[in-house]
Number of protein chains: 2
Amino acid sequence: MQAVGRMAGVSQVTVSRALSDPSKVSPETLARIHAAIAATGFVPNALAGALASHKSMLVSALVPSMTNIVYSSMLATFSEELRARGYQILLSETGFDAEQEAATVELHLSRRPDAILLTGVHHAPRTRKMLLGAGIPVVEVWDITETPIDLCVGFSHPASGHTMADFAVSAGYRTAVGFSAGDERARRRLAAFAERFSAQSGTPVPVKVTAVGGLAQGRAMLADVLDSGTFQGGLIACSSDVLAHGVLIEAAARNLTVPEDLAVIGFGDQDLAAAVEPPLTTIRVNREALGRSAASLVLARIRGEDPAHPVIGVGFSLIRRRSA
Amino acid sequence: MQAVGRMAGVSQVTVSRALSDPSKVSPETLARIHAAIAATGFVPNALAGALASHKSMLVSALVPSMTNIVYSSMLATFSEELRARGYQILLSETGFDAEQEAATVELHLSRRPDAILLTGVHHAPRTRKMLLGAGIPVVEVWDITETPIDLCVGFSHPASGHTMADFAVSAGYRTAVGFSAGDERARRRLAAFAERFSAQSGTPVPVKVTAVGGLAQGRAMLADVLDSGTFQGGLIACSSDVLAHGVLIEAAARNLTVPEDLAVIGFGDQDLAAAVEPPLTTIRVNREALGRSAASLVLARIRGEDPAHPVIGVGFSLIRRRSA
DNA sequence: TTGTACGCGTTATCAA
DNA sequence: TTGATAACGCGTACAA
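As the structure is a computational prediction, the values presented were derived from the model and not from experiment.

Examining the protein's contact with DNA strand C
- Close contacts around DNA strand C come from 23 residues, with Ser16(A), Val13(B), Thr14(B), Arg17(B) and Thr29(B) the closest.
- In DNA strand C, atoms within 4 Å of the protein come from the sugar-phosphate backbone in 63% of cases.
- Contacts to DNA strand C include Ser26(B), whose backbone N or O atom sits 3.0 Å from a phosphate oxygen.
- Within the backbone of Ala52(B), one N or O atom sits 3.5 Å away from a base oxygen of DNA strand C.
- If you list the elements that add at least two residues to the surface near DNA strand C, you get helix 2 (12-20) and helix 4 (46-53) of chain A together with helix 2 (12-20) and helix 4 (46-53) of chain B.
- Residue contributions to the surface near DNA strand C peak at four residues, all from helix 4 of chain A.
- Residue classes in the surface near DNA strand C are distributed as 11 nonpolar, 10 polar and two charged.

What follows is the structure, given as structure tokens:
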């Protein structure tokens, strides 16, 4: 900035002002400064700026996995909203491990973000402590709690499982099995489904769990319950659309008709849900709205406001298509 | 650090040393310092550290889309390698637009990253200039060029199209159509396929293009060529596995048998390629190796080394399964 | 093994 | 409308 100022015939401070609040600089000097910037290729140092102003214009986001469309799609709108206000996103994966999350939080905090987004509501005690100590807005998403660290936007996973079960019962299904991915939230959804469905139908609901929830795992699980005789028709409730899609593929490969021979219900309403054959009955969560709400809550808190509702339930809805 | 030092009975510098190089501090004082850190909940300020040391321990990564598994999977290994060396990734989406990329590069440069990763080899002139001026390692990935800004790890998209065509001809297909996503690299792949296939088979290859390459678009494109009579059997070459998967779904919905009634070839060898029915013949790019090579090239350059081969071709291979 | 002094490149405060 | 000066919280000499 000093070099730019020298070239424009002004001091370093004036260059700083020209960049942060052009209205405080006369049009003529502003022009000279811009000319100097263009000539030198000067790029301001945001590190120094952040250090001096105590504003990093950085927002941290921690998600279990960035290759999972479920998280990346809500992040897309979250970061879009924040980028519009000049914030940049510092993104990290935490896996599904609380200790790894704690380590990542510490790393992020050292960059002095102006706010931080966490996935889920269950964290290591140390994580909570660090976050409280940091004194910045914290928003927990993709789950819901009455006792958030600060802010929370999400929905109840058990409630979504209950909704699936109620639908299944009312649609006339009397037997069911559950296929779940290994992460804690998926298991809570399926556990709630199994508990409610078996209570209403009187038949127990076995729940199979796989570490990762891919297409291949969906196929393999269906093959497994079919070959072992665990499943003789009825409904297959899956913790994700991808798993459900795998079930569809395996069923087709065995010349089984969906939903006649077996019915399938997914979770997430990803793009593929409507595009597969038959289209998937699934639970839709408005991920974009979730990301947007999280952003506006954070933005309000950064402005110093105290939101009337620090916990926002975005809800979900069952989309009935042809698979069940 | 001063406060921590006071509590531990040492100066600020000693605290700094305890954190950056514990071997330079006596075990006793180290213990006192760690106790003080634990007591105060002190988290070092990486902004100040970066400002003083001229090392931000930050590496920028710019990808067209983070919801696209193709990019996020190579990023996963890239960031894993760098995280192991203490670097953090500053990630941004650029869409498929050169101007947006330039603006994002400028934003990232203001954070003084120690290196930067760019997707593709075609950039705005201004981007090249800024990057050269920044004087940091730059690695361009997912495409290849003889004249990189600095480093390059990727493969030739036209060559992959030629490989598809050569396979198709040798497998006996005499007619083909191409389905391509709208991005520049996808189109180059399909254009190369069409050119080579028609040269060898003597029949022209129409190429359909869709802005986004989703499952629904794959279905719609197949429905379209079938209903309009543009396609009467032969091979469908797709710019991605997802598009190919859409073709598979639509074919099954119409009771068409693959590969007998129509054959399909994809690109990318994503997880789904082996899991669908029939499994997809596709082009595999080792995305993990790509991310890893990019990381080690960058790391070497950061260490001040001059890599013998600044341009690395990772190549690709055709995986023949049952769809073609 | 530890400490002193200084500088990194900005913003904030105050004065002109 | 502009400038001088002092932080911001660390690392890096250099000295002890």
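Considerations on the protein's contact with DNA strand D
- Near DNA strand D you find 23 residues, and of these Ser11(A), Thr14(A), Arg17(A), Thr29(A) and Ser16(B) are the closest.
- Among all atoms of DNA strand D positioned within 4 Å of the protein, those belonging to sugar or phosphate total 63%.
- In the environment of DNA strand D, a phosphate oxygen lies 3.5 Å from a nitrogen or oxygen atom belonging to the backbone of Met1(B).
- Separating a base nitrogen of DNA strand D from a backbone N or O atom of Ala48(B) is a distance of 3.4 Å.
- Where the surface near DNA strand D is concerned, the elements lending two or more residues are helix 2 and helix 4 of chain A together with helix 2 and helix 4 of chain B.
- If you tally residues by element for the surface near DNA strand D, the top one is helix 4 of chain B, at four residues.
- Among the residues forming the surface near DNA strand D, the class breakdown is 11 nonpolar, 10 polar and two charged.

Side note on the relation of the copies chain A and chain B
- Of the two same-sequence chains, chain A is brought onto chain B (RMSD 0.2 Å, axial shift 0.1 Å) by a rotation of 180 degrees. Read as a symmetry element, the transformation amounts to a two-fold axis.
- Mapped onto chain B, 100% of the interface residues of chain A again fall at the interface, so both copies present the same surface.

Some details on helix 4 of chain A
- The N-capping residue of helix 4 of chain A, defined by a side-chain oxygen 2.8 Å from the backbone nitrogen of Leu47(A), is Asn45(A).
- At the exit of helix 4 of chain A stands His54(A), carrying a positive phi of roughly 60 degrees.

Observations concerning the sheet that holds strand 9 (residues 262-265) of chain B
Residue and element names in this part refer to chain B.
- The strand order across the open sheet built from four strands is 7-6-8-9, with neighbouring strands paired in parallel fashion. The open sheet terminates on both sides in strands that have one partner only, identified here as strand 7 (207-210) and strand 9. On average, each strand axis in the sheet is tilted by 20 degrees relative to the strand beside it, whichever way the strands run.
- Pairing analysis gives four bridges linking strand 8 (residues 234-238) to strand 9, with the strands arranged parallel. Residue pairing across strands places Ala-237 opposite Ile-265, the latter belonging to strand 9.
- Packed on one face of the sheet, helix 10 (residues 215-227) meets strand 6 (176-181), strand 7, strand 8 and strand 9 and runs near 145 degrees to strand 7.
- The strands touched by helix 11 (residues 241-253) are strand 6, strand 7, strand 8 and strand 9; relative to strand 9, the strand with the most contacts, the crossing angle is about 160 degrees.

Definitions and limits used
Residues numbered from 1 in each chain as written. Chains lettered and ligands numbered in written order. Predicted model: local features only at pLDDT ≥ 70, side-chain atom pairs only at ≥ 80, totals over all residues. Heavy atoms only, no water. Near = heavy atom within 4 Å. Polar contact = N/O pair within 3.5 Å; in protein donor to acceptor, adjacent residues only side chain to side chain. Helix = DSSP H or I, 4+ residues; strand = E, 2+ residues; numbered from the N terminus. Nonpolar A, V, L, I, M, F, W, Y, C, P; charged D, E, K, R; others polar. Least-squares fit on C-alpha atoms with pLDDT ≥ 70 in both. Contact = heavy atoms within 4.5 Å. Pairing = 2+ DSSP bridges. Axes fitted to C-alpha atoms, helices over the stretch in contact; angles between N-to-C directions.

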